[in-house]
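# Breakdown of the fold
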Amino acid sequence: MRHATGISDFGIEGLEEILARAIQWKAGAHPKHLVDRILGMVFFNPSLRTRASFEAVMARGGGSAIVLEVGNGVWKLEDRIGAIMDGDRAEHIKEAAPVLARYVDLLAVRTFAAGASDEEDHADPVMNGFRNYSTVPTLSMESAREHPCQGLADLMTARETFGSTQGLPVTLTWAPHIKPLPKAVPNSFLLTAAAAGCEVRVAHPEGFELQGEVLAQAQALAKASGGSVSLTKDQGEAAAGSRVVYAKAWGPSTAGGLKAEAVKDHPDWICSPELMGKAAKDAIFMHCLPVRRNVEVADGVLDGPWSRVVDEAENRFHVQRSLVQWLLEA
Ligand code: CP
């Protein structure tokens, strides 16, 4: 049985297969590949794109989706092994996951990082709990560690624009925010771009390091794909000549000693038209959305010629129906 909770589930071969089918299907009529199939969607956190695009995948494919919002008409769920359940969490995922798996063909989960410790988030306890206790394929709609569907959509957008991503210079730049955000999206962009052969440049201020194991995984993927990964604290240096600039806010490294408010300390890291001016002439701008205008990214970039953020969001639909097919055909 296949799962898709992180890039290691599909690797470079699966990535190429999923992207190729997504691009092929986008060009044609909607295939009815999901007749009589049901997707169970469990949300611990809010969403616009992920929920709407997965519901569209199931409806267009001839299937259907059951959407459950944990704590909102659905029991609060416990994930800690051995927990004494005398709090407000009425049901353990040890029961919830296998019960849901009796009703549906696939189980999708959204569970954001708690943010207290990078190491705990890296262990991805809720997603791995569902994965361990579900008896049907489990897929991530963003977890503490990765957002694989976003990474796939990002790479599809770059491929559509440039044809190939082999050796493509791409910058993943940290952006300021009003609060610390999880690292799942930057992790997935980094991992997917590395797996797709890009020359990935990661730029962030001191104290906002990504998790060491994720960087090591990205280096290994880049080695296998013929790509590369480099790190810098100079945003302009990273952007120079880049053909993709990908901005994302994320919180400080919990090992770095910075307080949560440090996300506001570098307003000059906003992605601006001046920064885009340093990139290649044909450069595009990407962001997973939602984006805080004029905090993370200036209006001039989002409304300018570089922006592909809406295409990127559309591509969530295309990569997800291909991913669902990949999970079901195993
Ligand atoms: N990019 C993304 O996952 O969007 P939502 O949080 O709206 O689902």
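Report on the accompanying structure. (Residues numbered from 1 in each chain as written. Predicted model: local features only at pLDDT ≥ 70, side-chain atom pairs only at ≥ 80, totals over all residues. Heavy atoms only, no water.)

### Observations concerning helix H8 (residues 212-225)
Quick reminder of the rule: In this description a helix means any DSSP run of H or I spanning at least four residues, a strand means any run of E spanning at least two, and both kinds are numbered starting from the N terminus. In this analysis, the expected span of each helix is defined as 1.5 Å times one less than the number of residues it contains. The contact criterion used throughout is that any non-hydrogen atoms of two residues lie within 4.5 Å. Polar contact is defined as a pair of N or O atoms within 3.5 Å, subject to the rule that within protein one atom must be able to donate a hydrogen and the other to accept it, and that residues adjacent in sequence are counted only when both atoms are side-chain atoms.
In a regular helix each residue adds 1.5 Å, so 14 residues correspond to 20 Å; H8 covers 20 Å between its end C-alpha atoms and thus fits that length. Next to the buried residues of H8 lie helix H1 (11-26), helix H4 (118-123), helix H7 (184-195) and strand S9 (228-232). The opening residue of H8, the one whose side-chain oxygen lies 3.1 Å from the backbone nitrogen of Glu213, is Gln211. Backbone geometry just downstream of H8 places Gly226 in the positive-phi region, at approximately 85 degrees.

### Some thoughts on the packing of aromatic side chains
Our working rule: Any two of the Phe, Tyr and Trp rings considered here, Trp counted by its six-membered ring, make a pair once their centres fall within 6.5 Å; the pair's planes then place it as stacked at under 30 degrees, edge-to-face at over 60, or tilted in between. Summary of the burial criterion: residues with accessible area below 20% of their type's maximum are buried, those above 50% are exposed, and those between are partly exposed, where the area comes from a 1.4 Å probe applied to protein chains only.
All chains considered together, the criterion is met by five aromatic pairs. Taking the centre distance of 6.1 Å and the plane angle of 90 degrees together, the rings of Phe10 and Trp326 count as edge-to-face. Here Trp326 lies in helix H12 (residues 309-328) and Phe10 lies in the segment before H1, a separation of 316 residues in the sequence. Like Trp326, Phe10 is buried. Note on Trp174 and Trp269: the rings are 6.1 Å apart at their centroids and 80 degrees apart in plane angle, and the pair reads as edge-to-face. Linking Trp174 in strand S7 (residues 169-174) with Trp269 in the loop between strand S10 (244-248) and helix H10 (273-278), this pair joins segments that are 95 residues apart in sequence.

### A closer look at the site of the ligand
Heads up, the condition is: A single heavy atom is enough: if one lies within 4 Å of a molecule or strand, its residue is considered near that molecule or strand. Reported accessibility uses the Shrake-Rupley method at a 1.4 Å probe radius. Residues are deemed covered only where the shown protein chains occlude them. Only Asp, Glu, Lys and Arg are considered charged in this grouping, and only Ala, Val, Leu, Ile, Met, Phe, Trp, Tyr, Cys and Pro are considered nonpolar; every other residue, Gly among them, is considered polar.
Neighbouring the ligand are Ser47, Leu48, Arg49, Thr50, Arg110, His147, Gln150, Cys288, Leu289 and Arg316. The backbone of Leu48 places a nitrogen or oxygen atom 2.7 Å from an oxygen atom of the ligand. Protein burial of the ligand: of its 260 Å² of free accessible surface, 93% is covered by the chains. Looking at side-chain class alone, the shell around the ligand contains three nonpolar, four polar and three charged residues.

### Some points on unusual backbone geometry
A cis geometry characterises the amide bond from Leu289 onward to Pro290, with omega recorded as 0 degrees. Along the chain, the position of Pro290 falls in the loop between strand S11 (284-286) and helix H11 (299-302). For Asp36, which is not glycine, the phi dihedral falls at a positive 70 degrees. Relative to the helices and strands, Asp36 resides in the loop between H1 and strand S1 (38-43).

Remember, this is a structural readout, not a statement about activity or role.
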